[in-house]
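Now for the letters of each chain:
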Amino acid sequence: MIPIALPSAGFYIFVSLGFLAGLALLGWALVLVASAGARRTVRRYWKTSALIFAVLAVPFAFYAWVQMAIWQVEKESARAQAARKVTLQQETTVGGVAMPAGTRLELQDEAQLETYLEAQFPRPVAMYGVQATSARRYLDSDYDRETYALLGRHPRNVILRGEGSQTVLGWRCDATQDIEFDVAPDGAMKALDKCVLGPGNRAGDLALAPGSVVYGSDGSVYTDGSRDPDRWRIEVKNPVALRIYGLPLSEPTLYLDEARRLLRVDNAELACAARLGELRYAAGTRVKTTRRGRGDRREPFPGVLVLSPWNGQAAQRDGAADVPEGMSVMQTLAGEVVEVVKNDAVGVFHFATITVGDQEPQQSRASCP
């Protein structure tokens, strides 16, 4: 971090006094112009008048100098900002992309095309498999550790927009919304980071509604160093609940492997009341899957279902006491009860909701299929 010295309180006080002195000088000048008697008084007491003028002129001169310096800085800033906006006059390869004439670029560094932050194309340009009409980039900067001298900049990610739905790594993405890529320092694509799905996407037997969001992943990492093979994470936005593992789930988060097979489910809730084995659950019950064990001894995906009663509603169990809120039921996919545990033992937490204003927060829930 580079330290920056801020002006002292005395500086601001002196500037304020200079402003007031300027107002006093202006008022004095107006009085002298309008009143012959005032002019005679100044001539009569010229030494006193000269002293008062000097007392007012010194702080006003400092104020005027500060304003002139600020004006010069703003003028240079406006010039530099204008210089960082460039329109290509001919086709030019920038950052490994052939950009047509008429492309408008906003640069990080003046006259350095390779440091562009935004690009607006006059016609679609092929980038990472997308016919893009615009591109945005976030850059990382490399500095010398001792002198803080800038050594260079390179892109960290690229965000594209285009027209309609376009296929990106097998997903039909809504190109009118941000399609984000992680990129290498040389600009080569590393992975699809995020896109909003358009129509026509599936995950196995599940149809994914437009508006669902897919995120690329290198896999979930555990504290013991092991890594899951989940390649894709999808936040489902289906207006109708998806039936997964026999349960109607509202807007679940799905984790898929490279072949887009469903591995596990998280952040879901029952869209309507449902029965699993010997238990009956109310709508709104939280649902996820989990694997037991550690490291190489973890059971295969998807593991067991974890169902957690919510909003004060208990799960009714045949021939046994109800399972209240605060407890979670672990069941196999066939419905066999494995264990009943406290929520925090299986990573289920109830966070407080902060309401701003008089309206209660609206809870969205997909309709039952």
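Description of the structure in this document. Since the model is a prediction, treat every value here as computed from it, not as a measurement.

## Side note on the environment of L307
Consideration 1: Counting through the fold element by element, L307 comes out in strand 24 (residues 304-308).
Consideration 2: Residues L307 and G293, spaced 14 residues apart in sequence, show a C-alpha to C-alpha distance of 19 Å.
Consideration 3: Apart from residues lying up to four places away in sequence, L307 is in contact with L247, L276, Y281, T285, R286, V287, M327, S328, V329 and Q331.

## Quick word on the sheet that holds strand 11 (residues 189-196)
Consideration 1: Strands sit in the order 1-4-5-6-7-10-11-14-15-18-19 across an open sheet of 11 strands; the sheet is antiparallel. The open sheet is flanked by strand 1 (85-87) and strand 19 (262-266), the only strands paired with a single partner. In this sheet, neighbouring strand axes are inclined to one another by 25° on average, regardless of whether the strands run parallel or antiparallel.
Consideration 2: As paired elements, strand 18 (residues 253-256) and strand 19 share four bridges and run antiparallel to each other. Bridge pairing links T253 to D266 in strand 19.

## Looking at the environment of L151
Consideration 1: Counting through the fold element by element, L151 comes out in strand 7 (residues 150-162).
Consideration 2: For L151, a relative accessible area of 60% corresponds to the exposed category.
Consideration 3: Sequence spacing of L151 and S141 is 10 residues, and the spatial spacing of their C-alpha atoms is 7.6 Å.
Consideration 4: Apart from residues lying up to four places away in sequence, L151 is in contact with D142, Y143 and D144.

## Quick look at the side chain of D228
Consideration 1: Tracing the chain through its elements places D228 in the loop between strand 14 (213-216) and strand 15 (232-235).
Consideration 2: A polar atom in the side chain of D228 sits 2.5 Å from the side chain of R291.
Consideration 3: With residues near it in sequence (within four places) discarded, D228 still touches D218, G219, S220, Y222, R264, R291 and F301.

## With respect to helix 3 (residues 46-83)
Consideration 1: Between the first and last C-alpha of helix 3 there are 53 Å, a value that for 38 residues agrees with the 56 Å anticipated at 1.5 Å per step.
Consideration 2: Maximal helix bending in helix 3 amounts to about 25°, located at A57; proline P59 follows within four positions.
Consideration 3: Residues of helix 3 that are buried: S49, L56, P59, Y63, V66 and A80.
Consideration 4: Against helix 1 (9-34) and helix 2 (36-44) lie the buried residues of helix 3.

## Quick notes on the pairing of strand 4 (residues 104-107)
Consideration 1: The side-chain alternation of strand 4 yields one buried face, formed by L105 and L107, and one unburied face, formed by R104 and E106.
Consideration 2: Of the strand pairs in this sheet, strand 1 and strand 4 are connected by three bridges, and their pairing is antiparallel. Within strand 4, the position partnered with V86 by the bridge is L105.
Consideration 3: Where strand 4 and strand 5 (residues 116-127) come together, four bridges link them in antiparallel fashion. Counted as the bridge partner of E106 is E118 from strand 5.

## A look at the pattern of salt bridges
Consideration 1: Applying the stated rule across the entire model yields 17 salt bridges.
Consideration 2: For D257, the salt bridge goes to R261, with nearest N and O atoms at 3.0 Å.
Consideration 3: For D257, a relative accessible area of 8% puts it in the buried group.
Consideration 4: A residue is classified by how much of its surface remains accessible, and R261, at 54% relative accessible area, is exposed.
Consideration 5: What you see here is one network of salt bridges that share partners, running through E76, R79 and E110.

## Details of the packing of helix 1 against helix 2
Consideration 1: Where helix 1 contacts helix 2, the axes come no closer than 5 Å and their chain directions differ by 110°. Judged by the angle between their axes, helix 1 and helix 2 are roughly perpendicular. Contacts between helix 1 and helix 2 involve W28, V31, L32, V33 and A34 from the first element and A36, A38, R39 and V42 from the second.
Consideration 2: Across the contact of helix 1 with helix 2, the residue classes tally to eight nonpolar, no polar and one charged.

## Notes on the packing of helix 1 against helix 3
Consideration 1: Remark: helix 1 packs on helix 3, axes separated minimally by 7 Å, with the N-to-C direction vectors making an angle of 125°. Taken as axis vectors, helix 1 and helix 3 run oblique relative to one another. You can see that helix 1 and helix 3 cross each other, and the crossing is left-handed. Side by side, helix 1 and helix 3 meet where F11, F14, V15, L17, G18, F19, A21, G22, A24, L25 and W28 of the first sit next to S49, I52, F53, L56, A57, P59, F60, F62, Y63 and V66 of the second.
Consideration 2: In the contact of helix 1 with helix 3, the residues fall into 18 nonpolar, three polar and no charged.

About the criteria used
Residues numbered from 1 in each chain as written. Predicted model: local features only at pLDDT ≥ 70, side-chain atom pairs only at ≥ 80, totals over all residues. Heavy atoms only, no water. Helix = DSSP H or I, 4+ residues; strand = E, 2+ residues; numbered from the N terminus. Contact = heavy atoms within 4.5 Å. Pairing = 2+ DSSP bridges. Axes fitted to C-alpha atoms, helices over the stretch in contact; angles between N-to-C directions. Buried < 20%, exposed > 50% of the residue type's maximum accessible area, 1.4 Å probe, protein only. Polar contact = N/O pair within 3.5 Å; in protein donor to acceptor, adjacent residues only side chain to side chain. Expected span 1.5 Å × (residues − 1). Bend = angle between axes of the 7 residues up to and from the residue. Salt bridge = Lys/Arg side-chain N within 4 Å of Asp/Glu carboxyl O. Parallel < 35°, antiparallel > 145°, perpendicular 65-115°, else oblique. Nonpolar A, V, L, I, M, F, W, Y, C, P; charged D, E, K, R; others polar. Left-handed = near helix turned anticlockwise from the far one by under 90°.

So far we have only geometry, and geometry alone does not tell us how the molecule works.
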